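Now for the letters of each chain:
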Amino acid sequence: MTAMVKAEGVHKSFGPVQVLKGIDLEVAPREVFCLIGPSGSGKSTFLRCINHLEKINSGRLYVDGDLVGYRQKGDKLYELKDREVAEKRRDIGMVFQRFNLFPHMTALENVIEAPVQVKRETKAVARERALRLLDRVGLGDKAGNYPSQLSGGQQQRVAIARALAMEPKLMLFDEPTSALDPELVGEVLDVMRGLAEEGMTMIVVTHEMGFAREVGDSVVFMDDGVVVESGQPREVLTNPRHERTKSFLSKVL
Ligand code: ADP
Ligand code: MG
């Protein structure tokens, strides 16, 4: 079975600063893969590399068997053209800490925007799916609301619906609940849990250890640009082997 994401010795630097120092990992189709670690350890950078927002310096990164950013012919690599990158990115949904909705568009308009503009879908088709998705994230009655008329949790659920509207094969979540008031975290995690149950492949950067334990299939602890420890949530979160993992967990749990 082809891994949905495979990283082999992935290195990424910004100028002289090495941020990813040889990441090796594999995410299987339908897996919920939780990435944890202290601030500055390179989690967001790694997600951004998967989503073509950053270029890696060395190593290999694959999404669904395809090299990210390059096309391989024989033993030669060719950089993908912007148009090809854009095409690849359609298959990957990303949800950020900040909801990043278009403020001048209603929830519904936010969700139909990319399918209509990028995929050239008809408004009718996009609208039908968008309404279904808004319903699925519990916002069927908020389709006409503008972001400013929605709570942070509701905005984040619209952002999830918007990502799903492109029918991605992989969803990346970068601390999707970190900017939310505590009482709104649960509703977003519930939507993510539902998505996991439906078999979506997800990489989730999170400090929500309860979510990682209950929903995650694997947990990877990253620190200072390397994978320190990985395994089933039960092992990593309850029985960490490394001092660095123990110390991190004692601060967040
Ligand atoms: P995390 O998400 O785990 O908190 P990040 O991937 O955001 O970590 O950042 C890891 C390190 O990379 C940090 O030291 C950060 O300052 C640095 N970094 C991230 N993006 C850039 C950039 N565009 N230019 C320079 N340094 C960056
Ligand atoms: Mg981050």
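Please read these numbers as outputs of a predicted model, since none were measured by experiment.

Enquirer: Run through the UniProt feature "domain: ABC transporter" (unreviewed entry) in the chain, naming residues and quoting values.
Expert: According to UniProt, the feature "domain: ABC transporter" (unreviewed entry) maps to residues 5-249 in the numbering used here. Taken end to end, residues 5-249 is 37% helix and 27% strand, and its first and last C-alpha atoms sit 26 Å apart.

Enquirer: Before we move on, can you summarise the side chain of glutamate 175 with the specific residues and values?
Expert: Locating glutamate 175 in the fold gives a position in the loop between strand E9 (170-174) and helix H6 (182-197). Among buried charged residues, glutamate 175 stands out as having no salt bridge; its nearest opposite-charge side chain is lysine 43, 4.5 Å away. Setting aside its immediate chain neighbours within four residues, glutamate 175 contacts Lys43, Gln97, Val205 and His207.

Enquirer: Explain the sheet that holds strand E10 (residues 202-205) to me, and be specific about the residues and the numbers.
Expert: Overall, mixed pairing links the 6 strands, which are arranged E8-E9-E10-E3-E11-E12 in an open sheet. Of all strands in the sheet, those with a lone pairing partner are strand E8 (92-95) and strand E12 (226-231), marking the two edges. Mean inter-strand twist for the sheet, computed between neighbouring axes without regard to direction, equals 20°. Pairing of E9 with E10 involves 4 bridges; the strand directions are parallel. Among the inter-strand pairings, aspartate 174 is bridged to a residue of E10, identified as valine 205. Against the sheet, H6 engages strand E3 (32-36), E9 and E10, with an angle of about 155° to E10.

Enquirer: Requested: an account of the pattern of salt bridges, with residues and values cited.
Expert: For the structure on display, the rule yields 19 salt bridges. Two residues, arginine 48 and glutamate 54, come together in a salt bridge whose shortest N-O distance is 3.2 Å. Between lysine 55 and glutamate 79 there is a salt bridge whose closest N-O contact spans 3.1 Å. Of this pair, lysine 55 sits in the loop between helix H1 (43-50) and strand E4 (58-63) while glutamate 79 is found in strand E7 (residues 76-79), placing the two residues 24 residues apart along the sequence. In this structure lysine 55 comes out as partly exposed when scored by relative accessible area, which is 46%.

Enquirer: Any chance you could break down the site of ligand 1 for me, citing the residues and the numbers?
Expert: In the vicinity of ligand 1, the contacting residues are Phe14, Val19, Pro38, Ser39, Gly40, Ser41, Gly42, Lys43, Ser44 and Thr45. One of the backbone nitrogen or oxygen atoms of serine 41 is found 3.2 Å away from an oxygen atom of ligand 1. A distance of 2.8 Å separates an oxygen atom of ligand 1 from a polar atom in the side chain of lysine 43. The protein chains hide 57% of the 560 Å² of surface that ligand 1 would expose on its own. Looking at the shell around ligand 1, the element that brings in the most residues is H1, giving 3 residues. Classifying every residue of the shell around ligand 1 gives 3 nonpolar, 6 polar and 1 charged.

Enquirer: I'd like a rundown of helix H9 (residues 243-252), residues and numbers included.
Expert: Of all the residues in H9, the buried ones are Thr245, Phe248 and Leu249. Taken end-on, H9 shows its buried residues confined to a sector of 95°, consistent with a single buried face. What points out from H9, more than 90 degrees from its buried face, is the exposed set Glu243, Ser250 and Lys251. On its buried face, H9 sits against E3, helix H7 (209-215), strand E11 (218-223), E12 and helix H8 (233-238).

How each quantity is defined
- Residues numbered from 1 in each chain as written.
- Chains lettered and ligands numbered in written order.
- Predicted model: local features only at pLDDT ≥ 70, side-chain atom pairs only at ≥ 80, totals over all residues.
- Heavy atoms only, no water.
- UniProt positions renumbered as here; feature names shortened; annotations may be inferred.
- Helix = DSSP H or I, 4+ residues; strand = E, 2+ residues; numbered from the N terminus.
- Buried < 20%, exposed > 50% of the residue type's maximum accessible area, 1.4 Å probe, protein only.
- Lys, Arg positive; Asp, Glu negative; His and termini not counted.
- Salt bridge = Lys/Arg side-chain N within 4 Å of Asp/Glu carboxyl O.
- Contact = heavy atoms within 4.5 Å.
- Pairing = 2+ DSSP bridges.
- Axes fitted to C-alpha atoms, helices over the stretch in contact; angles between N-to-C directions.
- Near = heavy atom within 4 Å.
- Polar contact = N/O pair within 3.5 Å; in protein donor to acceptor, adjacent residues only side chain to side chain.
- Areas by Shrake-Rupley, 256 points an atom, 1.4 Å probe, with all protein chains shown as cover.
- Nonpolar A, V, L, I, M, F, W, Y, C, P; charged D, E, K, R; others polar.
- Arc of directions from axis to C-beta.

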